[in-house]
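Summary of the model geometry
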Amino acid sequence: MGHHRSRSQSHSTSDRHQNSPINHLTCILLTLISTLFLFLVILYNVPFSSSDTGGLGDRLWLVQLTSRGTEYGFGVWGWCEWSTNKGATGGSCVKKSFWEIPEDAGGDSVSSLNLPSEISQSLSISAFFLVFVLIISTSFLFNLLIALHFHSPSQPSANHKIYWLPPRKMEFRTWVAYNLRNLWLRLLTIIFISAWGLPVLIIGGIGMEKIKGDDDGRVEAKLGSGWTMSLVAIITLVLVQISIPLGGLWNDSRRSGKKH
């Protein structure tokens, strides 16, 4: 009995002083990947310059369509069209926040495609929500870096009290670590990530399937690389929220975490 109690106490002490950097550094790497992917998806679709219309097929579109020798790419800030001829250069783009088709198409040939409302009306606003996911990912990356090797003799409990403001006697980086480890804050973050990130994935997927289900086959559709990168970024960010309560953060057990 005494031997069993000794082993339990030893195991508990080991958990309490958990200060391995592996999980913390892994979370930083995954969050960095998520942040970079979202930055690229949001910025690298419709060209910023009207003269920069080369290589449009390689940009990070959410949905891409091909019809009668013309390819179309739909992104966060508008859409572009270009020839499917590999030797062709350049194309034309419509750049507009919260774009809608045919309202913003003018004489653009995209008006004749008879796109489902998921793409023509809803894709732009749902894609804009990715900006909020990027804000979460970026701020989370900074918090993970701030909490790196935070001062605390023990690993904060996953169900510890939430400190909305730094306690007067607690170091800032220790306060950040306590909030990062809180299970309820991590669940709340997952809800926000899902609410802002999933709509563009669902809407883009549904719109593509509706086009592919068109009997005449006049328009070919596929999900763009931007859609895939958004999916990876969102999954990665959710996995980080799960990993922190389960795997812990890197603490410096020799320091108290209190202001002196």
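Scope of this entry: the structure provided in the associated data block. Everything numeric in this text was worked out from a predicted model, so none of it was measured.

**Structural notes on the overall build of the chain**
- On a plain count of helices and strands, the chain comes out with eight helices and seven strands.
- When each of the 260 residues of the chain is scored for burial, the buried share is 43%.
- Once local pairs closer than 6 in sequence are excluded, the contacts in the chain between residues at least 24 apart make up 71%.
- Of the roughly 13400 Å² of accessible surface on the chain, 61% is carried by carbon and sulfur atoms.

**Section: the packing of helix α7 (residues 183-212) against helix α8 (residues 225-247)**
- Viewed as axis vectors pointing N to C, α7 and α8 meet at an angle of 165°, and their least axial separation amounts to 10 Å. For the element pair α7 / α8, the angle class is roughly antiparallel. Classified by chirality, the crossing of α8 by α7 is left-handed. Here L183, R186, T189, I190, I193, G197, L198, V200, L201, G204 and G205 of α7 come into contact with α8, specifically with W227, S230, L231, I234, L237, V238, Q241, I242 and P245.
- The class makeup of the residues in the contact of α7 with α8 is 13 nonpolar, six polar and one charged.

**Structural notes on the sheet that holds strand β2 (residues 70-75)**
- Pairing within the open sheet is antiparallel, and its five strands lie in the order β4-β3-β2-β1-β6. The sheet terminates laterally at β4 (92-95) and β6 (220-223), the two strands that pair on one side only. On average, each strand axis in the sheet is inclined to that of its neighbour by 15°, with strand direction left out of account.
- Two strands pair when backbone bridges link them, and strand β3 (residues 78-83) and β4 are joined in this way by four bridges, in the antiparallel orientation. Bridge pairing in β4 links C80 to C93.
- On top of the sheet, α7 reaches β1 (63-67) and β6; it is set at about 155° to β6, its chief contact.

**What about the pattern of salt bridges?**
- The tally for this structure, following the rule as stated, stands at two salt bridges.
- Here D104 ties to K96 by a salt bridge, and the two come within 4.0 Å at their closest N and O atoms.
- Residue classification places D104 among the partly exposed positions, given a relative accessible area of 23%.
- Judged by relative accessible area, which is 36%, K96 ranks as partly exposed.
- With a shortest N-O distance of 2.8 Å, K210 and E118 are connected by a salt bridge. Note that K210 is positioned in helix α7 and E118 in helix α3 (residues 117-120), a separation of 92 residues in sequence.

**Details of the nonpolar core**
- Ranked by size, the top nonpolar core spans 39 residues in total, and within it L65, F74, V110 and L115 carry the most contacts.
- By size, the runner-up hydrophobic cluster in this structure holds 16 residues, among which are I28, F140, L144 and A147.

**Structural notes on the pairing of β1**
- The buried fraction of β1 is high, at four of five residues.
- Across five bridges, the pairing between β1 and β2 is antiparallel. By the bridge assignment for β2, V63 is matched with F74.
- Here β1 folds back onto β2, and the loop between the two strands holds two residues, one of which, R68, carries a positive phi near 50°.

Rules and cut-offs
- Residues numbered from 1 in each chain as written.
- Predicted model: local features only at pLDDT ≥ 70, side-chain atom pairs only at ≥ 80, totals over all residues.
- Heavy atoms only, no water.
- Helix = DSSP H or I, 4+ residues; strand = E, 2+ residues; numbered from the N terminus.
- Buried < 20%, exposed > 50% of the residue type's maximum accessible area, 1.4 Å probe, protein only.
- Contact = heavy atoms within 4.5 Å.
- Areas by Shrake-Rupley, 256 points an atom, 1.4 Å probe, with all protein chains shown as cover.
- Axes fitted to C-alpha atoms, helices over the stretch in contact; angles between N-to-C directions.
- Parallel < 35°, antiparallel > 145°, perpendicular 65-115°, else oblique.
- Left-handed = near helix turned anticlockwise from the far one by under 90°.
- Nonpolar A, V, L, I, M, F, W, Y, C, P; charged D, E, K, R; others polar.
- Pairing = 2+ DSSP bridges.
- Salt bridge = Lys/Arg side-chain N within 4 Å of Asp/Glu carboxyl O.
- Core = buried A, V, L, I, M, F, W, Y, C linked by side-chain atoms within 4.5 Å.

Any functional reading would require information beyond the geometric quantities listed.
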